[in-house]
Amino acid sequence: MSLTVTSYPMRIFSLLFILAGALCFHSFAQTTVSAPTQSLDSRIRAEVAPFKGKVFLYAKNLDTGETYSYNGDERVRTASTIKIAVMIEAFARIAEGKAKWTDELVLTKAARYGGSGILPELSDGLRLTLQDCLRLMMLLSDNTATNMVLDYLTTDAVNERMNSLGFKATRIMRRVGGGGESKEGKLDDNLKRFGLGATSPHEMVQIMEKLERGEIISKEASKQMIDLMKREQPRYSIGRTMPDVPMASKYGALDSLRSCVAILYTKRGRVAMAITADDMPEVNWSVDNPGYLLISRLSTILTDGLAK
């Protein structure tokens, strides 16, 4: 009988021990729910801290809605990423019947500008279609092709389109290399501050999200634009170490700046991001520019941190 009396308290103690363990596990689970977000922020900041320059970024998992921002609402120089806005205006003109892909554009000395692209190597008087120039602009970031398209569309028309679509931060200031200044480019010190164009990482991600969801111009036009961006040839920054991950992108570069806007189609979600590294103290035009390498590392961290 004494064994029975003794075992009853022991059973109570065992039950209490199991209950306490369960409560501790529940408490641990609760504290780790927010850990991924905290970890992502600490990883981003640790990566950015030693970088010689300024960093601005915004990212969003388009499937879960989870976002991350680091100076993401600051207005930044676009370099060639503004060509996304030029592309949208061209597709809008086609949809409205105000232009045709077969419209001819002529290569002139006035349109020529060096840097990226192939057209500066070709002869004046060369005739290309609007579609050809647009493809050169987006696939090779051809600056001369961009100027030919802008001479046809005008910089003000590009800005008016952005405004009509609700994008208030994204503006083109002039043609590549100068000339064709827009009304926005003539305001205050916009030309001196931004050069070719201005945007914010947050707004660039919004543009990419709307394109991906088929909400700009039409589903078909949006799909064609995303498909075009999937064929951009360089892969120097976002997705650099993820060659097997499909990506729609547009990159940009200046002496002290590197930037990229992209959607990475990972197995754990579509992650859209816009990253700008500016004010770098040294000019380095190799594929191993510190800005490119930083953006590559940040894209890996963001993809990992925002994945499902």
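Please refer to the structure placed before this passage.
Okay, so let's go over this structure. (Residues numbered from 1 in each chain as written. Predicted model: local features only at pLDDT ≥ 70, side-chain atom pairs only at ≥ 80, totals over all residues. Heavy atoms only, no water.)

## Some remarks on unusual backbone geometry
So, point 1. Despite not being glycine, threonine 154 has its phi angle at roughly 80 degrees, a positive value.
So, point 2. Among the structural elements, threonine 154 can be located in the loop between helix H5 (143-153) and helix H6 (155-164). (Helix = DSSP H or I, 4+ residues; strand = E, 2+ residues; numbered from the N terminus.)

## Considering the sheet that holds strand S8 (residues 247-254)
So, point 1. An order of S2-S1-S10-S9-S8 is seen for the five strands of this open sheet, with the pairing classed as antiparallel. Edge positions in the sheet fall to strand S2 (67-70) and S8, since each has one partner strand and no second. Pairs of neighbouring strands in the sheet enclose a mean axial angle of 5 degrees, with direction left out of account.
So, point 2. Where strand S9 (residues 257-266) meets strand S10 (residues 269-278), nine bridges bridge the pair, whose relative direction is antiparallel. Among the inter-strand pairings, alanine 262 is bridged to a residue of S10, identified as methionine 273.
So, point 3. This element, helix H9 (residues 219-229), spans S8 and S9 of the sheet and lies at about 60 degrees to S8. (Pairing = 2+ DSSP bridges. Axes fitted to C-alpha atoms, helices over the stretch in contact; angles between N-to-C directions. Contact = heavy atoms within 4.5 Å.)

## Details of the sheet that holds strand S3 (residues 76-77)
So, point 1. Read from one edge of the open sheet, three strands run S3-S7-S6, paired in antiparallel fashion. Both edges of this open sheet fall to S3 and strand S6 (171-172), since each of them pairs with a single strand only.
So, point 2. Sheet topology note: the S6/strand S7 (residues 197-199) ladder contains two bridges and is antiparallel. When the sheet's bridge partners are listed, isoleucine 172 is paired in S7 with glycine 197.

## As for the side chain of serine 141
So, point 1. The residue serine 141 is located in the loop between helix H4 (130-139) and H5 in this model.
So, point 2. A polar atom in the side chain of serine 141 sits 3.3 Å from the side chain of serine 80.
So, point 3. Ignoring anything within four residues of it in the chain, the contact list for serine 141 reads Ser80, Lys83, Ser116, Leu136, Lys250 and Tyr251. (Polar contact = N/O pair within 3.5 Å; in protein donor to acceptor, adjacent residues only side chain to side chain.)

## Describing the pairing of S9
So, point 1. In terms of residue burial, S9 counts as a mostly covered element, since 10 of its 10 residues are buried.
So, point 2. Side chains Leu257, Ser259, Val261, Ile263 and Tyr265 project from S9 onto one buried face, and the interleaved Arg258, Cys260, Ala262, Leu264 and Thr266 project onto a second face that is buried too.
So, point 3. Hairpin geometry of S9 and S10 is characterised by an intervening segment of two residues between the two adjacent antiparallel strands. (Buried < 20%, exposed > 50% of the residue type's maximum accessible area, 1.4 Å probe, protein only.)

## Brief notes about the pairing of S8
So, point 1. Most of S8 is tucked away: seven of the eight residues are buried.
So, point 2. When S8 meets S9, the two strands line up antiparallel, connected through eight bridges. Within S9, the residue paired with methionine 247 across the bridge is leucine 264.
So, point 3. Between S8 and S9, which pair antiparallel one after the other, the connecting turn spans two residues.

## Topic: the packing of aromatic side chains
When we look at a pair of aromatic rings, we describe it by the centre distance and by the angle of the planes.
So, point 1. In the structure shown here, the tally under the stated rule is four aromatic pairs.
So, point 2. Relative to tryptophan 101, the ring of phenylalanine 91 has its centre 4.9 Å away and its plane inclined at 70 degrees; by these criteria the two rings are edge-to-face. With a gap of 10 residues between them, phenylalanine 91 in helix H3 (residues 83-95) and tryptophan 101 in the loop between H3 and strand S4 (104-106) connect regions that are remote in the sequence.
So, point 3. Judged by its relative accessible area of 8%, phenylalanine 91 falls in the buried class.
So, point 4. For the cation-ring pair, arginine 75 lies above phenylalanine 194, with the distance from its terminal atom to the ring centre recorded as 5.2 Å.
So, point 5. Stacked on the ring of tryptophan 285, the Lys or Arg arginine 258 has its end atom at 4.5 Å from the ring centre. (Phe/Tyr/Trp six-rings, centres within 6.5 Å; stacked < 30°, edge-to-face > 60°. Lys NZ or Arg CZ within 6 Å of the ring centre and 35° of its normal.)

## A closer look at the packing of H3 against H9
So, point 1. At a minimum axis distance of 11 Å, the contact between H3 and H9 shows a crossing angle of 140 degrees. As far as their axial angle goes, H9 and H3 are oblique. For H3 against H9, the interelement crossing comes out right-handed. Facing H3, whose interface residues are Ile84, Met87, Ile88 and Phe91, H9 presents Ala221, Gln224, Met225, Leu228 and Met229.
So, point 2. Partitioned by chemical class, the residues of the contact of H3 with H9 number eight nonpolar, one polar and no charged. (Parallel < 35°, antiparallel > 145°, perpendicular 65-115°, else oblique. Left-handed = near helix turned anticlockwise from the far one by under 90°. Nonpolar A, V, L, I, M, F, W, Y, C, P; charged D, E, K, R; others polar.)

## Details of the layout of surface pockets
So, point 1. Its boundaries defined by the atoms lining it, the largest pocket holds a volume of some 580 Å³.
So, point 2. Lining the largest pocket are 26 residues, with Gly115, Asn143, Ala253, Leu254 and Trp285 sitting closest to its centre.
So, point 3. The element contributing the most residues to the lining of the largest pocket is S8, with four residues.
So, point 4. Among the residues forming the lining of the largest pocket, the class breakdown is 12 nonpolar, 10 polar and four charged. (1 Å grid on protein atoms, 1.4 Å probe; cavity = no way out; pocket = protein on both sides within 12 Å on 5 of 7 lines; lining within 4 Å. Points joined across faces, edges and corners; volume = space filled by probe spheres on them.)

## Here's the deal with H6
So, point 1. Every buried residue belonging to H6 is among Thr155, Ala157, Val158, Asn159, Arg161 and Met162, and all of these are buried.
So, point 2. Structurally, H6 contributes buried residues whose contacts are with H3, H5, S6 and helix H8 (201-212).
So, point 3. After H6 finishes, the residue glycine 166 shows a positive phi value of roughly 90 degrees.

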